[in-house]
Amino acid sequence: MFKTLALAFATLLPLGIPGQVGAQAHSKSSDLHAQPRLVAEQMAAKPGQTLWIAIDFTIEDQWHTYWPGTNDTGFPLQTEIEVHPQIAAAGDLLWPAPHRISSPQGILDHVFEDHMTVLLPLTISNNARLGETVSLQVSMRWLVCKTACIMESAELSIQIPISDAIGRPSPQTAAIFERARSRLPQPITDSDPVTITQEGPSLTLTSTPAERLAFYPSENSRPPRNLLRDGQAEGQTLTIEFRESNDPILGVLEVWTSPTESLLYTIHWPPENNEPRAQARDQELSSFTGDR
Amino acid sequence: MSTTRPRPSLLAVVAAGIAISLPNLANAQAQHQHEQKDAAPQRAHETHEVTLAALPATSTLATLEDLVGKTAFDFTLTDTEGNKHTLSDSLNAGKIVVLEWFNPTCPYVVSHYTKSSTMNDLVAKYGDDNVVWLAINSGSDRTGDSTLNETTRKKWNMAHPILLDPTGAVGLAYGSKNTPTMVVIAADGTIAYGGGIDNNGSFSKPDPTNYVEIAIDALLAGSHVETGFAKPYGCAVKYSRK
């Protein structure tokens, strides 16, 4: 569990329902401004399977929580995960893309409003036996803000039976996962309509179907020089100036193809050696031959 | 606020500091047309005069990281007890000045005053011989209320004043986005450090690196401040939402 928190004011710990067999475990407290629950995609899991668990927050109107990226203020969700017995392992969390909010003076954060749903993969060991039960416990804390901010926390658990009869997710459960997955960024492939070029300290991202573009840098990305100014643009081109650093440029690109629809891509620049991309190859070739 | 006479040894250190940093001062002020005034006739051990930049009129935040190494902006603000403080007065007295953006309701600030004693410990460590420590509240809402801040100041046994900046003019000029945000100004008027108080934004480090303490110690020793900027953490400064 968390070491003694250094935060002085009341941490609202809800009365948790002890882990129940089934798809959901959620807190009873209505005091939280961001209310979490654990939702398993299926009622049970087979040996060798990866079962997805949603850490699904319902956020009170006009409040927001934070994405783990480059923010001026805010504190993103922190989790401690325990799995018992050791017949399953929890993998890395998958984060949906956020949106930008900024104040009139220029304070900029990447946040979630209404919902924040983080996906946790739970991989069941091949050696798990039918009839066993996996208990997943998640301790978490997060900052939720309106104008003032409150640090909240919860401890939730969920029990997953190991069974052949895994059933199908309910429509409500399926909707939670579909909504979360629709906001997961994907790596750029050669068939995606995105090109990236670098000139000096600036990166230019171009997408011909775009009406609008935005870039959300990760926490450990090479830092932009002026993210407020450069991080979003109307049209097909987004040019962002970065400060000098040895770190790669990491984050998420959002490409709006209409006022309400967008494509989401993970950005890793320069590309890693084992992820050749047409653009990177073209750049290498052109610099080698001197062509522009 | 009172101007104390610097002790002779301190004056020597300050004079040496000014001599070393004059070239930097000239570079930093390339965009500010000014002349270093000759100090008016001075008595022995009397103060020197530092030329600061004028506070810019702005409605958007400066970039604090880009202000490090540049000349500080002069300002006059009134504290929660009704006393006026002018930055150049403290610098002219040969002191290092620390600015600490403050909000009595921000959980991060609360933690630094109640779970640990980060700011109060440093204020006590340096005393007021060499360092002037000023908290500034740039909030325009109830968190900037004078009574609330003064009550909290007493409750937390703060030895340093809380200056009120309700228009946010000083906060915006210094690019302060968070509480706490720290600015350390050397006695020659150069911004020596700007950014977070330490590297402990998640409150999980048992032994955090306190950038402000490191900067002040370096300035007092006449040596280079290695880390001029570290990303601040904390609640948003409550500027007017208009």
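Residues numbered from 1 in each chain as written. Chains lettered and ligands numbered in written order. Predicted model: local features only at pLDDT ≥ 70, side-chain atom pairs only at ≥ 80, totals over all residues. Heavy atoms only, no water.

### Overview of the state of the cysteines
Here is step 1 of the chain: Applying the stated criterion across every chain, the model contains two disulfides over all chains.
Here is step 2 of the chain: The disulfide bridge from Cys 145 of chain A ends at Cys 149 of chain A, spanning 2.1 Å between sulfur atoms. Across the S-S bond linking Cys 145 of chain A and Cys 149 of chain A, the dihedral sits near 105 degrees, which makes this disulfide right-handed.
Here is step 3 of the chain: The buried category is assigned to Cys 149 of chain A, whose relative accessible area is 14%.
Here is step 4 of the chain: With its sulfur 2.1 Å from that of its partner, Cys 106 of chain B forms a disulfide with Cys 235 of chain B. Disulfide Cys 106 of chain B-Cys 235 of chain B: torsion about the S-S bond near 90 degrees, hence right-handed. Taken together, the residues span a long stretch of sequence, with Cys 106 of chain B in the loop between strand S3 (96-101) and helix H4 (107-114) and Cys 235 of chain B in strand S10 (residues 235-236) at a distance of 129 residues.
Here is step 5 of the chain: A residue is classified by how much of its surface remains accessible, and Cys 106 of chain B, at 1% relative accessible area, is buried. (Disulfide = S-S within 2.5 Å. Buried < 20%, exposed > 50% of the residue type's maximum accessible area, 1.4 Å probe, protein only. Helix = DSSP H or I, 4+ residues; strand = E, 2+ residues; numbered from the N terminus.)

### Some thoughts on the pattern of salt bridges
Here is step 1 of the chain: Taken as a whole, this structure holds 16 salt bridges over all chains when the rule is applied.
Here is step 2 of the chain: The partner of Asp 56 of chain A in a salt bridge is Arg 37 of chain A, with the nearest N and O atoms 3.0 Å apart. Of this pair, Asp 56 of chain A sits in strand S3 (residues 50-59) while Arg 37 of chain A sits in strand S2 (residues 34-40); the two residues are 19 residues apart in sequence, bridging distant segments of the chain.
Here is step 3 of the chain: Salt-bridge contacts for Asp 56 of chain A lead to Arg 179 of chain A; the nearest nitrogen and oxygen are separated by 3.2 Å. You can see Asp 56 of chain A sitting in strand S3 and its partner Arg 179 of chain A sitting in helix H1 (residues 171-182), a full 123 residues away along the chain.
Here is step 4 of the chain: When its relative accessible area of 0% is taken as the criterion, Asp 56 of chain A is described as buried.
Here is step 5 of the chain: Overall, Arg 179 of chain A belongs to the partly exposed group, its relative accessible area being 33%.
Here is step 6 of the chain: Counted as one network, the salt bridges with shared partners bring together Arg 225, Arg 229, Asp 230, Glu 241 and Arg 243 of chain A together with Glu 65 and Asp 66 of chain B. (Salt bridge = Lys/Arg side-chain N within 4 Å of Asp/Glu carboxyl O.)

### A few points about the domain arrangement of chain A
Residue and element names in this part refer to chain A.
Here is step 1 of the chain: Entries for chain A in the domain assignment read domain 1 (4-180) and domain 2 (186-289).
Here is step 2 of the chain: Facing the 13 residues of domain 1 at the interface are twelve residues of domain 2.
Here is step 3 of the chain: Considering only the side of domain 1, the residues that lose the most area to domain 2 are Trp 67, Thr 70 and Arg 100, jointly responsible for 47% of the buried surface there.
Here is step 4 of the chain: The interface formed by domain 1 and domain 2 contains zero salt bridges.
Here is step 5 of the chain: At the boundary of domain 1 with domain 2, the tally comes to five residue pairs in polar contact (both at pLDDT 80 or more).
Here is step 6 of the chain: Of all the elements, strand S7 (residues 99-102) adds the most residues to the side of domain 1 that touches domain 2, at three residues.
Here is step 7 of the chain: Grouping the amino acids of the side of domain 1 that touches domain 2 by side-chain chemistry returns six nonpolar, six polar and one charged. (Domains from an automatic or database assignment. Contact = heavy atoms within 4.5 Å. Buried area = accessible area lost by both parts, 1.4 Å probe. Polar contact = N/O pair within 3.5 Å; in protein donor to acceptor, adjacent residues only side chain to side chain. Nonpolar A, V, L, I, M, F, W, Y, C, P; charged D, E, K, R; others polar.)

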